[in-house]
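# Commentary on secondary and tertiary structure
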Amino acid sequence: MGSHLCDRLLGDGCSVIAVDNLLTGRLSNLDHLRNDSRFEFRQLDVCEPFDCGPVDAVFHLASPASPVDYSVHGIPTLKVGSLGTFQSLEVARKYGARYLLASTSECYGDPLEHPQKETYWGHVNPVGPRSVYDEAKRFAEAATMAYLRYHSVDTHIVRIFNTYGPRMQINDGRVIPNFMRQAMRGEDLTVYGEGSQTRSFCYVSDEIEGILRLSKSTEHLPVNVGNPTEFTILECAQRVLAVTGSKSKVRYEPLPQDDPKQRRPDISKAKRLLDWEPKIDLETGLKMSLEYFRQAVAEETSSRA
Ligand SMILES: NC(=O)c1ccc[n+]([C@@H]2O[C@H](COP(=O)([O-])OP(=O)(O)OC[C@H]3O[C@@H](n4cnc5c(N)ncnc54)[C@H](O)[C@@H]3O)[C@@H](O)[C@H]2O)c1
């Protein structure tokens, strides 16, 4: 998502310094910006103090984001949500910059309220396998609110719901890359449980638009930014099969622990405050991502040969 944010900010006329330790990200996602004099990349860990000089805005998106990544990198996930949030808040505080925290729908856990409004406090298992991510983000929200209250930093918190599009890793276990890769390789699509659990998928350009609007708004409490159209995982698999033209079948596997059964944002707050709503439906977004996934799967296949 960070590379898309860089594209958009440069497109809007800004200069951008991207900071990443490449724990789960790839530099190749920024290859196309290498010759842009307004763009700079610095490889560093945001859990350590850092200073890129005066900036107008800080967007803290650093964190392993997929269940595969945060289960492999559990402790770095806790650190980047806590120490990384403090260090990036310090940069915003030092330069009087706007600050946006990329939080998550995972703050709602396996929700007992549906759809999820920002006022819902969530139903999170604090000691389960997903807690390294969920609780790190909940802590990051608390730290961000504290910098607003104690240091008057102009902070914003976006709760992102499943976002997809080009440049995603194809093997990090997230639903859409997983299905795309399996469909393109002619493998069975893996559905956990009965596939009746729901998710709502937001195309990346819609998400970035919402994030930018929020960062310039006067709202400091969390705002959901996601696509409210809800699909069962089985319906999502069917859409992927239709868009890719694949003849793959569906294979069922046991549901992982604490897997949320329902996920759908209530976006009335984003509509009201930001005049934002997503424009790209799942089928269109999948078609727009097709070429990227085809190429990524082909590269993976040739590198294995
Ligand atoms: N994509 C989604 O569906 C989604 C949903 C909810 C929230 N989010 C949040 O949005 C943000 C971006 O997610 P994404 O999907 O682009 O994931 P991503 O893995 O592609 O990007 C996260 C980036 O953070 C970097 N990073 C991790 N730890 C770091 C550290 N200590 N210092 C510097 N860089 C570090 C990684 O190398 C990676 O490039 C994350 O904070 C994630 O939690 C994403």
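Position numbers for residues count from 1 along each chain, tracking the sequence in the order it is written. Local features in this predicted model are restricted to residues of pLDDT 70 or higher, and side-chain atom pairs are both shown and tallied only at a pLDDT of 80 or more, whereas totals for entire chains, interfaces and linings draw on every residue. To obtain the side-chain values, all non-hydrogen atoms of the structure were used and water was disregarded.

## Some details on the overall build of the chain
- For the purposes of this entry, the term helix denotes a DSSP run of H or I that reaches at least four residues, the term strand denotes a run of E that reaches at least two, and both are numbered from the N terminus. Along the chain, the regular secondary structure elements total 9 helices and 12 strands.
- Radius of gyration: over C-alpha atoms. The globule rule applied is 2.2 Å multiplied by the number of residues raised to the 0.38 power. Whereas a compact globule of 305 residues would reach a radius of gyration of roughly 19 Å, the chain reaches 19 Å, a difference of no more than 12%.
- When the backbone C-alpha atoms are referred to their principal axes, the chain occupies close to 55 × 45 × 35 Å.
- Looking at the chain residue by residue over its 305 residues, the buried ones come to 51%.
- Taking the contacts inside the chain whose residues are at least 6 apart along the sequence as the reference set, 81% of them involve residues at least 24 apart.
- Of the roughly 14,400 Å² of accessible surface on the chain, a fraction of 51% belongs to carbon and sulfur atoms.
- Within the chain, the 41 negative side-chain charges are centred at a point lying 1 Å from the centre of the 36 positive side-chain charges. Think of it in three bands: with a 1.4 Å probe and only protein chains considered, a residue is buried below 20% of the maximum accessible area for its type, exposed above 50%, and partly exposed in between. Should any heavy atoms of two residues lie within 4.5 Å, those residues are counted as being in contact. Reported accessibility uses the Shrake-Rupley method at a 1.4 Å probe radius. Residues are deemed covered only where the shown protein chains occlude them. The convention is simple: Lys and Arg are positive, Asp and Glu are negative, and His and the chain ends are not counted. Lysine's charge is taken at NZ, arginine's at CZ, aspartate's at CG and glutamate's at CD.

## Focus on the site of the ligand
- The cutoff for a nearby residue is simple: one of its non-hydrogen atoms must lie within 4 Å of the molecule or strand. Surveying the vicinity of the ligand reveals 26 residues, the closest of which are Met1, Asp20, Tyr133, Lys137 and Thr163.
- Separating an oxygen atom of the ligand from a side-chain N or O atom of Thr24 is a distance of 2.8 Å.
- In this structure, an oxygen atom belonging to the ligand sits 2.5 Å away from a side-chain N or O atom of Tyr133.
- Calculation on the ligand without its partners gives an accessible area of 820 Å², and the protein chains cover 91% of this total.
- Sorting the residues of the shell around the ligand by element identifies strand 4 (98–104) and helix 4 (131–151) as the ones contributing at least two each.
- In terms of residues, the shell around the ligand owes the most to one element, strand 4, which gives 3 residues.
- When grouped by side-chain class, the residues that make up the shell around the ligand number 14 nonpolar, 8 polar and 4 charged. For the purposes of these results, a polar contact is taken to be a pair of N or O atoms within 3.5 Å, where, inside protein, one atom must be able to donate a hydrogen and its partner to accept one; residues adjacent in sequence count only when each atom of the pair is a side-chain atom. Residues are grouped as follows: nonpolar covers Ala, Val, Leu, Ile, Met, Phe, Trp, Tyr, Cys and Pro; charged covers Asp, Glu, Lys and Arg; every other residue, Gly included, is treated as polar.

## Brief notes about unusual backbone geometry
- Between His114 and the following residue, Pro115, the backbone shows a cis peptide bond with an omega angle of -10°.
- Tracing the sequence through the fold places Pro115 in the loop between strand 4 and helix 4.
- Although it is not a glycine, Leu22 sits at a positive phi angle of roughly 60°.
- Counting through the fold element by element, Leu22 comes out in the loop between strand 1 (16–20) and strand 2 (39–43).
- Given a relative accessible area of 24%, Leu22 falls into the partly exposed group.
- Residues other than glycine seldom take positive phi values, yet Ser152 does so here, at roughly 55°.
- Within the secondary structure, Ser152 sits in the loop between helix 4 and strand 5 (155–160).
- Its relative accessible area of 64% is what places Ser152 among the exposed residues.

## Examining the nonpolar core
- Phe39, Tyr164, Ile176, Phe179, Met180, Phe201 and Leu286 are the most contacted members of the largest nonpolar core, which has 53 residues in total.
- Here this core gets 7 residues from one element, more than from any other, and that element is helix 9 (residues 282–304).
- Grouped together as the second largest cluster of nonpolar side chains are 19 residues, Val58, Val80, Ala143 and Tyr147 included. Take the buried Ala, Val, Leu, Ile, Met, Phe, Trp, Tyr and Cys residues and link them wherever side-chain atoms come within 4.5 Å; each set so joined is a nonpolar core.

Remember that the coordinates give geometry; whether it matters functionally is a separate question.
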